[in-house]
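So the chains spell out like this:
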Amino acid sequence: MGTYIEKKDIADIREQLGNYVGQRVKMRGNKGRNRPFEFEGVLKAVYPNYIQIQQDGVFKPDSCSYDEIKRGVYELDVNNGINGEFSSILDNMNQNVIL
């Protein structure tokens, strides 16, 4: 059985991320075969189907879709402005993904 995510969930993530354009974010994920990654960068742009993150020290920006964030493929944390700490973008959102 596949993952079902409502359009409203994607719209909520897009809207919330739109407030953080230009701010520092931290992205975590797994490239498969025990190759996890984590990097910090700046949320460069929010598009209808994906976001772009400019990684520190890298010319080409990385991107991911909203459903990848919602399904947990990638974890995206935003700088909350308090002592440089990061908090999850999904902390304050409804987590009802049907698997």
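Rules and cut-offs
- Residues numbered from 1 in each chain as written.
- Predicted model: local features only at pLDDT ≥ 70, side-chain atom pairs only at ≥ 80, totals over all residues.
- Heavy atoms only, no water.
- Helix = DSSP H or I, 4+ residues; strand = E, 2+ residues; numbered from the N terminus.
- Buried < 20%, exposed > 50% of the residue type's maximum accessible area, 1.4 Å probe, protein only.
- Areas by Shrake-Rupley, 256 points an atom, 1.4 Å probe, with all protein chains shown as cover.
- Phe/Tyr/Trp six-rings, centres within 6.5 Å; stacked < 30°, edge-to-face > 60°.

### What to know about the overall build of the chain
- Of the regular secondary structure elements, the chain holds two helices and six strands.
- Helices and strands appear in the chain in the N-to-C order α-β-β-β-β-α-β-β.
- When each of the 99 residues of the chain is scored for burial, the buried share is 29%.
- Summed over all atoms, the accessible surface of the chain reaches about 6500 Å², with 46% contributed by carbon and sulfur.

### Focus: the packing of aromatic side chains
- Counting across every chain of the model gives three aromatic pairs.
- Judged by centre distance (6.1 Å) and plane angle (15°), the rings of Phe37 and Phe39 are stacked.
- Here Phe37 falls in the buried class, since its relative accessible area comes to 18%.
- Aromatic rings pair up to connect Phe37, Phe39 and Tyr74 into one cluster.

Interpretation in functional terms is not warranted from these geometric data alone.
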